[in-house]
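Spelled out, the chains give:
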Amino acid sequence: MAPKYIMRVIRTPMPGKNFEVLDRVIGNVGRSDARSRSTTMGVFSASRLVITTTPFESLVEAEQAAESVLSSAESRAEYDATSALCSSVNIGLSRIIEAPEGLETANWLHRYVFQSSPTERPALLAALRELRSHQDSPKSGITSSLHGPVVVAATAVESLSQIEERFDALANDAGVKARTMATLGHVDSWGAGIARVYRH
């Protein structure tokens, strides 16, 4: 069964701790279970966030994963040790609206984070799906937070040249430009960044 939800653990490393946090996260997650995950570290972005994404087929599966950490003294100690290297740690669950293409072989993730009011969220999701329907592969993934105003659209690519092609289309294709402006009409604020992908 295809995943319906993803959990994102978003860590903001303290200055000088970026790669220490990244190494600990990959090492700790790799020891916890056999579940497929990916971790990204911001490279071309305003901050070097370390974000670990875990898919779940159901909320029951997410609950079981949480309980396995909460009930293990070793897992709690590892979590706290990594968190001590960060200025903030946030954990969120999101519903997968559209799954991303190409994540299995991607080296980079181009992520857009949108903030919208509850009344605008359905229109924002519809606009993003319309934008996605016109994309060449790899098509973007779209997720919607279960506990906040955040919608994320992320494109997984093997090379940054693929992102450059999309920038060129935005600059030169009237249809792409119109669909993008229609999407932004439903958001209060947005941000973007390009991150390196580490699969484990």
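As a reminder, the structure under discussion sits directly above these lines.
The rules behind these values
- Residues numbered from 1 in each chain as written.
- Predicted model: local features only at pLDDT ≥ 70, side-chain atom pairs only at ≥ 80, totals over all residues.
- Heavy atoms only, no water.
- Salt bridge = Lys/Arg side-chain N within 4 Å of Asp/Glu carboxyl O.
- Helix = DSSP H or I, 4+ residues; strand = E, 2+ residues; numbered from the N terminus.
- Buried < 20%, exposed > 50% of the residue type's maximum accessible area, 1.4 Å probe, protein only.
- Contact = heavy atoms within 4.5 Å.
- Pairing = 2+ DSSP bridges.
- Axes fitted to C-alpha atoms, helices over the stretch in contact; angles between N-to-C directions.

Further remarks concern the pattern of salt bridges. If charged atoms from side chains of opposite charge come close, those side chains can pair. Throughout the structure, instances matching the rule amount to four salt bridges. Among the ionic pairs, Arg24 bridges to Glu78, the shortest N-O distance being 3.2 Å. Within this pair, whereas Arg24 is found in helix H1 (residues 18-32), its partner Glu78 is found in helix H3 (residues 73-83), the two being separated by 54 residues in sequence. In this structure Arg24 comes out as partly exposed when scored by relative accessible area, which is 27%. A relative accessible area of 22% places Glu78 in the partly exposed class.

The step from Ser137 to Pro138 runs through a cis peptide bond, and the omega angle for that step is 0°. In this structure, Pro138 sits in the loop between helix H4 (121-133) and strand E6 (141-145).

Looking at the element boundaries, Arg132 is found in helix H4. Once residues lying within four places of it in the same chain are set aside, the contact partners of Arg132 are Glu98, Ala99, Glu101, Lys139, Ser140 and Ile142.

The eight strands lie next to each other as E1-E3-E2-E8-E5-E7-E6-E4, forming a closed barrel whose pairing is antiparallel. Across the sheet, the mean angle separating the axes of adjacent strands is 35° when strand polarity is ignored. Here nine bridges tie strand E1 (residues 5-13) to strand E4 (residues 86-98), and the two strands are oriented antiparallel to one another. Directly across from Val9, in E4, lies its bridge partner Ile91. Together, E1 and E4 form the strand contacts of H3, whose direction differs from that of E4 by roughly 110°.

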